[in-house]
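# A closer look at the structure
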2 protein chains.
Amino acid sequence: MQYKDMSADMRGALLTQLQGDYANFQARGLKLDMSRGKPCREQLELSMGLLDASLIARDVTSGGLDTRNYGGPDGLPEARTLFAELLGVDAKNVLVFGNSSLNIMYDLIAQYWTHGVGGSAKPWSQQRAVKFLCPVPGYDRHFAILEHFGIQMLPVPMTEEGPDMRVLGELAADPTVKGMFCVPKYANPTGITFSDDTVRALAALSPAATDFRVIWDNAYCVHDVRAGGEELLEIFAEARKYGHEDHFLEVTSTSKITFPGAGVSVLVASESNLAAIKTRLSVQTIGHDKLNQLRHVRYFGSAAGVYAHMEKHRALLEPKFDAVLAALERNLGALGIAQWTRPRGGYFISLDVPQGCAKRVGELCAEAGVVLTPSGATWPLGIDPLDRNIRIAPTLPPITELETAAELLCLAVKIAALEN
Amino acid sequence: MQYKDMSADMRGALLTQLQGDYANFQARGLKLDMSRGKPCREQLELSMGLLDASLIARDVTSGGLDTRNYGGPDGLPEARTLFAELLGVDAKNVLVFGNSSLNIMYDLIAQYWTHGVGGSAKPWSQQRAVKFLCPVPGYDRHFAILEHFGIQMLPVPMTEEGPDMRVLGELAADPTVKGMFCVPKYANPTGITFSDDTVRALAALSPAATDFRVIWDNAYCVHDVRAGGEELLEIFAEARKYGHEDHFLEVTSTSKITFPGAGVSVLVASESNLAAIKTRLSVQTIGHDKLNQLRHVRYFGSAAGVYAHMEKHRALLEPKFDAVLAALERNLGALGIAQWTRPRGGYFISLDVPQGCAKRVGELCAEAGVVLTPSGATWPLGIDPLDRNIRIAPTLPPITELETAAELLCLAVKIAALEN
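A brief report on the enclosed structure follows. Please read these numbers as outputs of a predicted model, since none were measured by experiment.

Cut-offs used in this document
Each chain has its residues counted from 1, following the order in which its sequence is written. All chains are assigned letters beginning at A, and all ligands numbers beginning at 1, according to the order in which they are written. With the structure being a predicted model, the display of local features is reserved for residues of pLDDT at least 70 and the display and counting of side-chain atom pairs for 80 or more, all residues being used for whole-chain, interface and lining totals. Any two residues are considered in contact once their C-beta atoms, placed from the backbone, lie within 7 Å. Secondary structure elements follow DSSP: runs of H or I no shorter than four residues count as helices, runs of E no shorter than two count as strands, and numbering proceeds from the N terminus. Under the scheme applied here, ten amino acids are nonpolar (Ala, Val, Leu, Ile, Met, Phe, Trp, Tyr, Cys and Pro), four are charged (Asp, Glu, Lys and Arg), and all others, including Gly, are polar. A least-squares superposition brings the copies together, and it is based on the C-alpha atoms of residues with pLDDT no lower than 70 in both. What makes two strands pair is DSSP finding at least two bridges between them. Multiplying one less than the number of residues by 1.5 Å gives the expected span of a helix. Put simply, a residue is buried when 20 or more other C-beta atoms lie within 10 Å of its own C-beta and exposed when 12 or fewer do; between those, it is partly exposed, and each C-beta is set from the backbone.

### Re the interface of chain B and chain A
- Contacts between the two partners involve 44 residues from chain B, matched on the other side by 44 residues from chain A.
- At the level of secondary structure, the elements contributing two or more residues to the side of chain B that touches chain A comprise helix 2 (41–45), helix 3 (54–57), helix 5 (101–115), helix 6 (140–148), helix 10 (271–284) and helix 11 (290–300) of chain B.
- Broken down by element, the residue count for the side of chain B that touches chain A peaks at 6 residues, all from helix 5 of chain B.
- In terms of residue class, the side of chain B that touches chain A is built from 21 nonpolar, 15 polar and 8 charged.

Quick look at the structure:
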């Protein structure tokens with residue numbers, strides 16, 4: 001029976017019963033974390049072969065360069081080739097960096113802020129206003145970069161095909177709208193992949209700003225949860241049809257392929273964008289950790305090696321997503337109070353609860369020992385105007401703990417809905 | 001006989017003879033590089049034990065944290081402790097970062113440019129002028145960062161005790177003078193170490209700017225070339241006596257301890273400065289490569305382990321410095337046309353040739369196959385106003401090649417002096 005069909009008395013009685021269940025949860029002294037998209041220990045164990053000294057020690061050179069020494073700011077040629085194959089782009093457009101694609105993205109915005117995108121456009125800091133399109137729900141660390149630089153954030157609703165292109169197109173007619181962060185495949189947190197139509201529409205988009213840049217955060221490019229995952233149309237090939245390849249900067253990393261703390265990151269950009277980036281890069285560093293790049297290249301051998309490796313991750317993650325989705329369906333499926341996504345890849349499930357209830361759900365979970373991503377985090381400035389969206393990160397906890405946490409979460413949703 | 005005491009005829013005859021010697025060098029088809037402070041292959045071999053998987057694999061945790069996973073933006077506690085001991089500071093003031101201290105320095109200037117140093121001072125980009133003190137000769141990559149942000153560079157002559165404090169003090173009375181980059185120990189390129197008096201004077205300095213910051217690039221903190229190297233007075237202890245600890249930001253790295261491409265870098269700062277830096281850092285990255293930090297900590301074990309390791313570097317470098325210094329003394333010692341430093345550590349020898357001759361020396365060397373650091377590089381914007389200073393980097397070439405290169409360099413100095 002849906003909650004909306006219940007009488008006030010029924011709802012009151014149910015709430016009392018659920019509060020009893022909740023007290024039982026509290027008594028268990030849980031301490032579980034579903035807050036961040038962190039790989040679990042078993043996933044980290046998959047890559048321990050990466051640490052084998054013989055991968056590097058048998059030959060420390062790459063293309064004649066001693067990878068132990070200074071130099072090579074573009075990244076090792078073999079690493080560029082490997083990621084070019086994974087992303088379906090040309091190796092000449094690929095740079096391989098250090099362990100953090102977030103840092104690449106920060107540096108891009110920082111560069112555009114102080115030096116502009118290149119060409120005749122002024123640095124963003126010297127323009128009267130700078131606004132960014134923000135698909136919502138979205139990734140809190142993207143929003144944090146924009147907030148740090150004082151860039152105004154304009155929400156664009158996510159649909160099942162990606163950002164709502166009608167809203168996006170209207171907003172992009174404002175010349176102070178300078179760009180967008182997005183996660184086009186297995187989006188954070190909805191898990192949806194931009195449809196071919198959406199990718200083509202973004203490629204074709206003619207924004208009013210001449211210095212418009214989309215940070216195409218392809219963090220989950222090879223991160224299927226279901227066998228036969230989704231395909232994302234390659235953005236640069238589409239953008240080239242309109243002469244718009246300068247609009248896009250793609251990043252990814254091996255943070256969720258090998259080690260989050262010790263992977264390598266990747267930037268893909270047009271020749272013109274790369275020239276501007278390399279000018280800054282030559283001032284900023286003598287080069288990134290090439291030994292770690294060499295490790296990754298030798299460990300995987302090829303794109304096929306990466307796909308085989310990701311299949312092992314998938315085997316660990318699918319039961320975790322199943323556990324959460326089963327709990328949601330079992331506990332909330334018939335109540336008409338919540339909706340959630342059923343991603344085929346990525347690291348998150350997006351849960352929408354009744355308006356005004358997300359914060360309360362977070363509190364109830366926290367007070368019973370389960371940490372969720374702070375409610376509001378999926379919106380700019382951490383403020384979800386409808387207080388509705390919750391990001392569920394099922395990857396880190398062991399499956400039994402995850403089942404417990406999911407049960408508690410569902411209970412909290414029911415209580416919050418009835419309290420409301 | 002000094003050149004100044006020669007008759008014009010004598011000088012002409014000598015030049016003809018030297019040009020013959022030079023032609024012989026050219027005929028040898030040399031291809032030698034004395035341009036950058038790069039460790040040689042034998043130095044890199046010293047650290048191959050760092051790659052041993054068992055260093056990490058036996059226990060991937062540090063203070064309860066799985067170093068493979070996300071987190072730990074401050075760096076591993078053990079790594080902070082190790083570098084605190086090496087630098088004579090408190091571990092709570094130490095952060096351990098990725099492979100590039102240059103990147104730390106770039107990010108500091110970028111932060112001050114866009115967000116200011118914290119407190120009430122405006123971001124440097126919003127102030128009417130921003131100037132930096134530049135000890136000369138100095139490090140080209142410091143100058144490049146300042147140039148990138150459009151910061152005006154004011155040369156301050158280096159003495160044998162460090163920057164000329166009289167000149168520096170006068171310039172610092174200008175409130176638009178916001179700071180200084182310096183290499184206080186075994187300076188690049190002079191190799192001198194700031195005297196205790198200089199360190200104390202810098203600590204005591206009361207600049208007009210309230211947002212004054214010195215980047216204390218302690219790149220060569222443990223890099224002796226001679227047994228019983230020089231001691232640098234610890235800057236924060238001195239600065240604290242005047243309440244000036246916020247004026248200083250110290251960086252170093254293991255680039256020339258382990259691997260230039262794959263070391264770890266370190267930032268030391270006051271609590272107040274760290275708070276501002278961590279605010280930015282939390283937006284910029286989820287953490288640096290902690291596995292590489294763990295490798296370094298386990299490999300060295302302690303500060304004593306680092307000192308023992310550096311003694312092996314010293315054994316490789318001392319003969320190279322000797323070879324260059326012997327060639328300079330043998331060929332130029334009696335001629336009264338050149339002066340050079342005799343560093344007890346670091347990576348460089350600074351050579352002053354007759355005014356107007358440095359570029360010509362570089363050309364002569366290049367045309368005979370020996371690459372020097374571009375003349376002018378040791379001055380802001382690459383312009384040495386007296387065209388006099390040459391940075392010699394003796395570490396990379398094998399010793400026989402180095403001897404050849406040094407002979408050619410001396411010959412080029414003589415020719416340039418006589419042509420002049």
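### Quick notes on the relation of the copies chain B and chain A
- The two copies are related by a screw operation: chain B maps onto chain A through 180 degrees of rotation and 0.0 Å of translation along the axis, at an RMSD of 0.1 Å. The transformation relating the two chain copies, once decomposed into turn and shift, fits a two-fold axis. The C-alpha atom lying nearest the rotation axis in chain B is that of A53 of chain B; the distance is 2.9 Å.

### Here we look at the sheet that holds strand 12 (residues 339–340) of chain A
All names here are of chain A.
- Spatially, 12-13-15 is the arrangement adopted by the 3 strands of the open sheet, whose pairing is antiparallel. With one partner strand each, in any of the chains shown, strand 12 and strand 15 (389–392) form the two edges of the open sheet.
- As judged from the 4 bridges shared by strand 13 (residues 349–352) and strand 15, these two strands associate in the antiparallel manner. Bridge pairing in strand 15 places L351 opposite I390.

### Overview of the sheet that holds strand 13 (residues 349–352) of chain B
All names here are of chain B.
- Spatially, the 3 strands line up as an open sheet ordered 12-13-15, and their pairing is antiparallel. Where the open sheet ends on each side, the last strands, each with one partner, are strand 12 (339–340) and strand 15 (389–392).
- In this structure, strand 12 lies alongside strand 13, joined through 2 bridges in antiparallel fashion. Among the inter-strand pairings, W340 is bridged to a residue of strand 13, identified as L351.

### Points about the environment of E234 of chain A
Residues and elements named next belong to chain A.
- Its place among the elements puts E234 in the loop between strand 9 (213–217) and helix 9 (235–240).
- Between the C-alpha atoms of E234 and D196, which are 38 residues apart in sequence, the distance is 9.2 Å.
- Among residues more than four places away in sequence, those in contact with E234 are G88 and V89.

### Points about helix 12 (residues 303–332) of chain B
- When the terminal C-alpha atoms of helix 12 of chain B are compared, their 40 Å separation across 30 residues agrees well with the 44 Å that a helix rising 1.5 Å per residue should span.
- For helix 12 of chain B, the complete set of buried residues consists of V306, H309, M310, H313, L317, K320, F321, A323, V324, A327, L328 and L332 of chain B.

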